[in-house]
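Geometric and topological summary
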Amino acid sequence: MRTSAGDSVVVFGAYGHTGRFVVAHLRERGFVPVLSGRDAGKLRALAESAPGAEVRPASVDDAAALDRALAGAAAVINCAGPFATTAAPVIEAALRAGIPYVDVAAEIEANVDTFARFTERARAAGAVVVPAMAFYGGLGDLLATAALGDWTAADDIHIAYGLSGWHPTAGTRAAGEVSHRRRESRRVRYANGRLEYHDDAPATVRWAFPEPMGKRAVIDDFTMADAVTIPSHVSVPDVHSYMTVEAARDLAAPDTPSPAAVDERGRSDQRFLVDVTVRFEGAERRAVARGQDIYAVTAPLAVEAVHRILTGRTRAVGVASAGEIFDARDFLRALSGHLTVDFVSGS
């Protein structure tokens, strides 16, 4: 079993909002970040605040540059959206380099593409590709998997996002525009064992979050990447997601500003509560996570994933979501410095 201490990890899109959090967290964990992306000037500027970090510019339409960027690295974390554009070329480069690939894609369609395009090739090569290793997709999958426990299936899974607000980054807006176009402005939900696209208007319902948040108005079927990650390894016909109305309004408003740092770690004042309920044969189990800043918490999720892959603590090869490839409860315990998790079982 190899050690991850001192390994170099390429961060593609290192100068983006989430990429900066990932670079900082890699350094905290003893990795050596390699800064990559298409804008050499932004990479050099970031390197000034990250002494010792190597700069390797590359763009997704230049395979040779991507190969140079990944040469000698232990792994790559792709933080550059829209992932509909970047995921496939960076995965291809990772397969050529023979290194693990992790991304933080929240785009539903991009994650579907990753599973569809690379599952057989990655498995045949014994490679590891983990998409959506982020707040959306990865965290919900880990919580649902941990809540399932010894259950191997569920009748339905519900994921309610209690966000105090949502100041989206430029990357979030760009990714949303790509998904909006690919869906032809339709809404998407995971029902009857598949992703379904609809033209109906969003409904507002009430969700009883744990105290002190309590009952809140939420947008029903505010579907996120969990609709791809969870069904990829859990037998479940319906996955429902909900978003607090305030956060949904922030995301929709064109003049909502980007996140503003309020502490020494660069986090915003945004607070989140993710409430996951799994139901099977009349019984119910629940997992609840609380923390600060959805973009900042993505960094420990992605970096912990890389650490576990490099130290052999995985349960699958090929394209695999967080809940399939990692021990979900143990993974969540490892994030105790970044979020709190509680489990409740009921009947």
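See the structure printed just above.
This section reports on the structure supplied with the text. (Residues numbered from 1 in each chain as written. Predicted model: local features only at pLDDT ≥ 70, side-chain atom pairs only at ≥ 80, totals over all residues. Heavy atoms only, no water.)

1. Examining the packing of helix α3 (residues 63–70) against helix α4 (residues 83–97)
In a packed pair of helices, the relevant descriptors are the angle between the two axes and the axis-to-axis distance. Two elements in contact, α3 and α4, have axes whose closest approach is 9 Å; the angle formed by their N-to-C orientations is 55°. As the angle between them shows, α3 and α4 are arranged oblique. The hand of the α3/α4 crossing is right-handed. Where α3 abuts α4, its residues Ala63, Leu66, Asp67 and Leu70 lie against Pro89, Val90, Ala93, Ala94, Arg96 and Ala97. Residue classes in the contact of α3 with α4 are distributed as 8 nonpolar, no polar and 2 charged. (Axes fitted to C-alpha atoms, helices over the stretch in contact; angles between N-to-C directions. Helix = DSSP H or I, 4+ residues; strand = E, 2+ residues; numbered from the N terminus. Parallel < 35°, antiparallel > 145°, perpendicular 65-115°, else oblique. Left-handed = near helix turned anticlockwise from the far one by under 90°. Contact = heavy atoms within 4.5 Å. Nonpolar A, V, L, I, M, F, W, Y, C, P; charged D, E, K, R; others polar.)

2. Notes on the pairing of strand β7 (residues 156–163)
Among the 8 residues in β7, 8 count as buried, and that is most of the element. Burial along β7 is two-sided: the residues Asp156, His158, Ala160 and Gly162 and Ile157, Ile159, Tyr161 and Leu163 are all buried. Strand direction decides the pairing type here: β7 and strand β12 (residues 239–244), joined by 5 bridges, are parallel. Opposite His158, over in β12, you have His240 as the bridge partner. (Buried < 20%, exposed > 50% of the residue type's maximum accessible area, 1.4 Å probe, protein only. Pairing = 2+ DSSP bridges.)

3. A word on the pattern of salt bridges
By the definition in use, this model includes 20 salt bridges. Asp200 is paired through a salt bridge with Arg189; the nearest N and O atoms lie 2.9 Å apart. Within this pair, whereas Asp200 is found in the loop between β9 (194–198) and β10 (204–208), its partner Arg189 is found in strand β8 (residues 187–191), the two being separated by 11 residues in sequence. Residue Asp200 is classed as partly exposed on the basis of its relative accessible area of 34%. Ionic contacts of the salt-bridge type, sharing partners, join the residues Arg29, Glu304, Arg308, Asp330 and Arg333 into one network. (Salt bridge = Lys/Arg side-chain N within 4 Å of Asp/Glu carboxyl O.)

4. What to know about the nonpolar core
In terms of nonpolar packing, the biggest core is built from 113 residues, with Ile77, Met133, Phe135, Ile157, Leu163, Trp166 and Val274 touching the most fellow members. By residue number, the principal contributor to this core is helix α10 (residues 294–310), which donates 12 residues. Beyond its immediate sequence surroundings of up to four residues, Met133 is in contact with Val102, Asp103, Val104, Gly138, Leu142, Thr298, Leu301, Ala302, Ala305, Ala322, Phe326 and Phe331. (Core = buried A, V, L, I, M, F, W, Y, C linked by side-chain atoms within 4.5 Å.)

5. Some words on the packing of aromatic side chains
The final tally for this structure, using the stated rule, is 8 aromatic pairs. Where Tyr136 meets Trp166, the ring centres are 5.4 Å apart and the plane angle is 35°; that geometry is what we call tilted. Of this pair, Tyr136 sits in helix α6 (residues 135–148) while Trp166 sits in the loop between β7 and α7 (170–182), and the two are 30 residues apart along the sequence. On the basis of an interplanar angle of 40° and a centroid distance of 5.1 Å, the ring pair of Phe326 and Phe331 is categorised as tilted. Each member of the pair, Phe326 as well as Phe331, carries the same accessibility label: buried. A network of ring pairs unites the aromatic residues Phe135, Tyr136, Tyr161, Trp166 and Phe272 as a single cluster. Above the ring of Trp151, the side-chain terminus of Arg285 is found at 4.0 Å from the ring centroid. The lysine or arginine in question, Arg329, covers the ring of Phe343, its NZ or CZ lying 3.8 Å from the ring centre. (Phe/Tyr/Trp six-rings, centres within 6.5 Å; stacked < 30°, edge-to-face > 60°. Lys NZ or Arg CZ within 6 Å of the ring centre and 35° of its normal.)

6. What about helix α1 (residues 17–28)?
The end-to-end C-alpha distance of α1, which contains 12 residues, comes to 17 Å, matching closely the 16 Å that a straight helix rising 1.5 Å per residue would cover. Buried within α1 are the following residues: Thr18, Gly19, Phe21, Val22, Val23, His25 and Leu26. Those residues of α1 that are buried lie in contact with β1 (8–12), β2 (32–37), α2 (40–47), β4 (75–78) and α10. (Expected span 1.5 Å × (residues − 1).)

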